[in-house]
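Chains, contacts and geometry: an overview
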Amino acid sequence: MREVVVVDRVTKIYPNGVKANIEVSVRACSSEVVCIMGPNGAGKTTLVRQIIGLLKPTSGVIRVFGVDPVKRQDYIKKKVAYTPQLPLTYPAHRVLEVSKYVAELSNTPFERVKEVLEELDLWSVRDRLGYQLSIGQRKLLLLALALIKSGDLLILDEPTTFVDIFKKRLMWSVLLEERKRGKTMIIVSHDIEEVRRLCDRVYIMVAGRIAGKLDSLSDISRGVEVKVYYEKPGEITHLFKRGVVKVYEGLLIAEYNQLIEALEDLENLAINGLNRDIRVLLEYPSVEYIVESLFNKR
Amino acid sequence: MGFSTLFKSTIFTLKMYRLYWPYLLSISIMMPITYLIIILAISQGDLEALRVALTGYITITGFNILLYMLATLIANTFEEQVLESYALLPVSFWEIVISQILAQALIGIIPLAVGLVVLKCISSNINIPLLITGLTLEFAIYTPLAILLGISVRNRIRLDPLLVFLMMFIVIATPSYYRLLYIGDIYKTLLLINPLTHVVLVLRSAVGVYEGFPLVFSIIYSILFSTLLCVLVLYKLRGGAFTVLEKR
């Protein structure tokens, strides 16, 4: 597979001395969906801005489609579609106006504009001005513009942040379609579910560095947490045999390596403990949990 | 840089003002008309005084539209997140800036035309090439200055008081509404440092009002100042948008 994005030992130090990226190396091959995860302030957005040529690395090399994105902005703008993190759109422009403007400049036919807006449930609000859109709709519009503009590489900086679960699913289904079409994507995300659904490979960034690289999604499929809120958690610990159990006041937390193990214990709880006043939450691990696990492994 | 892209981007920029129409109306129509009414009232039929004031009107209107509004627009565009959102668009960085200049120039046509029509009505003889030279020099000074201010401040809220201060400074430090000829030598020398003074002098010469200063010097000084501003802009944007974003 052809390497589309090569980030080789990139360090980015801002003029004020902030080290945003330290010796970061990331690769994305054609038709691959690569995810960059990490806590806030880890340097993900700085990395992405360097990949699209908005920032220049202090040291190291970045090549996108074989060219330096800072020096070849014109080429990068043609080849890369990008959605920024914040839902800033054009407040005084109608959804259709902005979409048509981007389409005309990118030589995208109007049929495609309509198709994308319909897919993302924006056709019904096409005459609304940007400031009249909800935050979720603004994020959808940013994605729509990236899809209308098209390009061989799609870079999405937290595409589903601020978006409700229904719109998230809509976005995921559209992105899965793009994936099927062989589009190369780099997605910055905090959402484990999103990563599971969309990504082939995951880089985890912490404090400006790549803390870990997961080539297989099974690595992040591990780790499911069950939280049981109950007055006397000590009485039900024996029901959670397959997990690592921690007991707090009014709360039991059981950690599992696999979802199936958690489900088996929950089945056990359902049989033996449902007559009790119990509230159960099953959670995928947070980014922080994954980061912690990676560090513990080391 | 394609004309079609520039045209579409200019229209796109102009459409932005549909939401800020009171701002547009007040700066590009109400303010110039207010100036004009005051000028007409104060001159009391004295045609020379009117010509003097109208050349000042053209300079100050240029400030409002080409400097105040354009600098605000550029500052907004260069705010980190806004500039990032422009990265999505298939237009080059310079196409964005030039389309914004064109949009502002189009906005400025109405108040400028009003001023020129009044000027034509009260002037028996206008030196058109000189008038065009004066207007071009005005454009050539305000535009790079607006870009420079916009990309240096990169925040319209922080820029606004600076522009208000600059406005007051220019009203005083440019002989827009008074004659250079009748002021003291020290003050005159100070005023001649200001390139806008020379723009006013060129415009006045075009309508037959002379301030006793060599016109060629005024034109050369204005061109040199404008060139210096352009060089500074090009230096600041030498590597594209990132050279601005880098400065956190």
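Residues numbered from 1 in each chain as written. Chains lettered and ligands numbered in written order. Predicted model: local features only at pLDDT ≥ 70, side-chain atom pairs only at ≥ 80, totals over all residues. Heavy atoms only, no water.

**Quick look at the nonpolar core**
Generally speaking, soluble globular proteins have nonpolar side chains that are buried together. Counting residues in each nonpolar core, the largest one holds 61 residues, and the members touching the most others are Leu-54, Phe-78 and Ile-147 of chain B. If you list the elements that add at least two residues to this core, you get helix H2 (21-43), helix H3 (47-77), helix H5 (93-122), helix H6 (128-153), helix H7 (156-173), helix H9 (195-206) and helix H10 (215-236) of chain B. The biggest single contributor to this core is H3 of chain B, with 18 residues. The residues touching Leu-54 of chain B, leaving out its near neighbours within four places in the chain, are Leu-36, Gly-115, Val-118, Leu-119 and Ile-122 of chain B. By size, the runner-up hydrophobic cluster in this structure holds 52 residues, among which are Leu-140, Val-195 and Val-202 of chain A together with Ile-96 of chain B. (Core = buried A, V, L, I, M, F, W, Y, C linked by side-chain atoms within 4.5 Å. Buried < 20%, exposed > 50% of the residue type's maximum accessible area, 1.4 Å probe, protein only. Helix = DSSP H or I, 4+ residues; strand = E, 2+ residues; numbered from the N terminus. Contact = heavy atoms within 4.5 Å.)

**Quick look at the pairing of strand E1 (residues 3-13) of chain A**
Residue and element names in this part refer to chain A. Taken together, the 7 bridges between E1 and strand E2 (residues 19-29) define a ladder with antiparallel strand orientation. The residue of E2 that forms the bridge with Lys-12 is Asn-21. Between the antiparallel neighbours E1 and E2 lie 5 residues, among them Gly-17 with a positive phi of about 95 degrees. The pairing of E1 with strand E4 (residues 59-64) spans 5 bridges and is classified as antiparallel. Directly across from Thr-11, in E4, lies its bridge partner Ser-59. (Pairing = 2+ DSSP bridges.)

**Quick look at a nonpolar patch on the surface**
Residue and element names in this part refer to chain A. Judged by side-chain polarity, Leu-259, Ile-260, Leu-263, Leu-282 and Tyr-284 come together as a nonpolar surface patch covering roughly 410 Å² of accessible area. Considering every element that reaches the nonpolar patch, the biggest residue donor is helix H9 (residues 259-273), with 3 residues. By the element assignment, Leu-263 lies in helix H9. (Patch = residues over 30% accessible without salt bridge, like charges linked within 9 Å, V, L, I, M, F, W, Y side chains within 5 Å. Areas by Shrake-Rupley, 256 points an atom, 1.4 Å probe, with all protein chains shown as cover. Salt bridge = Lys/Arg side-chain N within 4 Å of Asp/Glu carboxyl O.)

**Quick word on the pattern of salt bridges**
Taken as a whole and judged by the stated rule, the model has 25 salt bridges over all chains. With a shortest N-O distance of 3.6 Å, Lys-183 of chain A and Glu-178 of chain A are connected by a salt bridge. What makes Glu-178 of chain A buried here is its relative accessible area of 3%. Of the charged contacts, one joins Glu-48 of chain B and Arg-179 of chain B as a salt bridge, the two residues approaching to 2.8 Å between their closest N and O atoms. One end of the pair, Glu-48 of chain B, is in helix H3; the other, Arg-179 of chain B, is in the loop between H7 and helix H8 (185-193), and 131 residues separate them in sequence. Taken together, the shared-partner salt bridges in this structure form one network comprising Arg-112, Glu-115, Glu-178, Arg-181 and Lys-183 of chain A.

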